[in-house]
Amino acid sequence: MYHVVNIGGKLVRIAFFGVKKLTCLIIKKEKMKTTSPLNNNINTAVILAAGRGERIAGGEEYRSKPLIKLYDLSLIERSIKKLSNKLKVNKIYVITGFKHDELKIHLDKLKRKLTVDLEVVFAKEWRKGNGASFLSVLNHIKQRQFYLLMVDHIFNDEFYSTISKSKINNTKCYLTISKSLSSMHDCNDATRVKIVEDKITNIGKSISEVDGFDTGFFVLHSEAFSDVKNLSEKKFLALSDVMQVLIQEQKLYFIEVAAGSWLDIDTKKDFSNAKDFLLNFSSSKTNDGPISTYFNRRMSKWITSKLVYYPITPNQISVITFLITVIASLIIVKQGYFFLVLGALLAQLSSILDGCDGEIARLKLLGSKYGGWFDQVLDRYSDLFIITGLTFHTYFLHNTLAVFIIGFIAVGGKIILSYTAYVYDSVISKHSNFRMGRDITIFIILIGAIMNIPYITLIILAVITNVEVCRRLWSLQNKIDC
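Residues numbered from 1 in each chain as written. Predicted model: local features only at pLDDT ≥ 70, side-chain atom pairs only at ≥ 80, totals over all residues. Heavy atoms only, no water.

Draft legend 1. Structural detail: the confidence of the model for the chain. Considering every residue of the chain, the mean pLDDT works out to 85; 87% of them sit at 70 or more. Across residues 25–37, where pLDDT falls below 50, the model places 11 contacts with residues more than four positions away in sequence or in other chains. (pLDDT = per-residue confidence, 0-100. Contact = heavy atoms within 4.5 Å.)

See the structure below:
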């Protein structure tokens, strides 16, 4: 039996396998249409790093703005790594000016460390403004479409995700804007934009009627700047002056991003805000449970802010966290209320530290798929040790085989719960306000230890882990295939 359906404007004859499978097929087709990236061929970027940065200058440690370090990474290195990792850029032009030689030495070191093709372009007229610096690179760019950004603007993963998912026409120019500003932005210093429909009609800091704010990130087309070279005769040339030419020719469109996904660093206060901006982002994960969100992350973020200045890697933190859990489980095994509570407190400490490895990785841009997987493997061993330790402690108190049976069910439920998370988190958990994870089970053990009810705690763990597995199986039916 066949059905004729309209998919994408075309009549298609499909064998009937049931309404649900037909619906899944249509959903897949629509997802392919809406999520297909149009800008995956942009592999080039330009970073403006020529200015002196007068408002943030000063102090013995100051060299030049691109070399200012945020959590052990210079601004220029952070920009390069983000472009490479998040937008798959493999060719980057860095425009230099102030302290060119010093910056070039730093970039030469990055060339040997990174896989990106870096080309340094010295802007002879960099003192005239960032517009003049931009004009100096136009003759060097061989690609038709490229990204342009300021070295003193930082962006989080949400920002880059928006860019990568945006429908970008390869013949147009775009400026990313946010319709509002976060509390970390200086409203008086922000560059403002006026928009009509899908185009930008004005840009500058003195615009009275504001529709959005310039984030300092552009997607540009090299052929759009054939009529701007005469601007180089001006004594001062801001980048907004160059963009005004595109605006007058109705060639500048916009991409909207979230207000909290970017930050401009112009002053020492901005620099301080930038630390909080990066730290807040590093501690935010969509699959955090309620204990992690409201308690663990607040502690781990503070610990991370201290550890980030030391040469410690995320994997080393993962190992240390695991060893603390092993020690905690050995202490819990020992008889006595004191050892039960002490072991549970150490387990809770390991649960807090478990967030630090990922936070360090995101702050220093050291994240890797292997590192994430390595941490997950150690977490599963940690679950096994801590619940097994609680099981033995309970057995020594009650001396009954039933304890081991319940402990076995609890351990099995926790391991299967972790296994189901790989699929559950990708399909449902991102849209849910509650997630049953390791943070909750460790916290239950802590509360049970303080109340001195290890047997009841073990029973609770056995019940809730397996009930949650069943709930996930039920909620995922008919959703995975779609």
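Let's pick the thread back up.
Draft legend 2. Representation of the nonpolar core. Residues I76, I80, L83, I92, Y147, I154 and F217 are the most contacted members of the largest nonpolar core, which totals 60 residues. Once residues within four sequence positions are removed from consideration, I76 is found in contact with I47, A49, P66, V94, L103, H106, L107 and V151. (Core = buried A, V, L, I, M, F, W, Y, C linked by side-chain atoms within 4.5 Å. Buried < 20%, exposed > 50% of the residue type's maximum accessible area, 1.4 Å probe, protein only.)

Draft legend 3. Spatial organisation of the layout of surface pockets. There is about 1000 Å³ of room inside the second largest pocket. As for the second largest pocket, its lining consists of 42 residues, of which N130, M150, D152, K205 and D266 are closest to the centre. Every element with two or more residues in the lining of the second largest pocket is listed here: β3 (44–49), α4 (130–135), β12 (199–204), β13 (212–221), α6 (239–248) and β15 (262–264). (1 Å grid on protein atoms, 1.4 Å probe; cavity = no way out; pocket = protein on both sides within 12 Å on 5 of 7 lines; lining within 4 Å. Points joined across faces, edges and corners; volume = space filled by probe spheres on them. Helix = DSSP H or I, 4+ residues; strand = E, 2+ residues; numbered from the N terminus.)

Draft legend 4. Here's a closer look at the packing of helix α9 (residues 314–333) against helix α10 (residues 337–353). At a minimum axis separation of 8 Å, α9 and α10 run at an interaxial angle of 165°. By the angle class used here, α9 and α10 are roughly antiparallel. In the crossing of α9 with α10, the sense of the turn from one axis to the other is left-handed. Mapping the contact onto sequence places I317, T321, I324, T325, I327, A328, I331 and I332 in α9 and F339, L340, L342, G343, A344, L346, A347, L349, S350 and L353 in α10. Here the residues of the contact of α9 with α10 sort into 14 nonpolar, 4 polar and no charged. (Axes fitted to C-alpha atoms, helices over the stretch in contact; angles between N-to-C directions. Parallel < 35°, antiparallel > 145°, perpendicular 65-115°, else oblique. Left-handed = near helix turned anticlockwise from the far one by under 90°. Nonpolar A, V, L, I, M, F, W, Y, C, P; charged D, E, K, R; others polar.)

Draft legend 5. View of α6. Counted residue by residue, α6 has 7 buried out of 10 residues, so it is predominantly covered. L239, V242, M243, Q244, V245, L246 and I247 are the residues of α6 that are buried. Q250 sits one or two residues past α6 and shows a positive phi near 55°.

Draft legend 6. A look at a nonpolar patch on the surface. A cluster of nonpolar side chains, Y381, L384, F385, I415 and I416, forms an exposed patch at the surface whose accessible area comes to about 420 Å². When residues of the nonpolar patch are assigned to their parent elements, the largest contribution, 3 residues, is made by helix α12 (residues 369–398). Among the secondary structure elements, L384 is positioned in helix α12. (Patch = residues over 30% accessible without salt bridge, like charges linked within 9 Å, V, L, I, M, F, W, Y side chains within 5 Å. Areas by Shrake-Rupley, 256 points an atom, 1.4 Å probe, with all protein chains shown as cover. Salt bridge = Lys/Arg side-chain N within 4 Å of Asp/Glu carboxyl O.)

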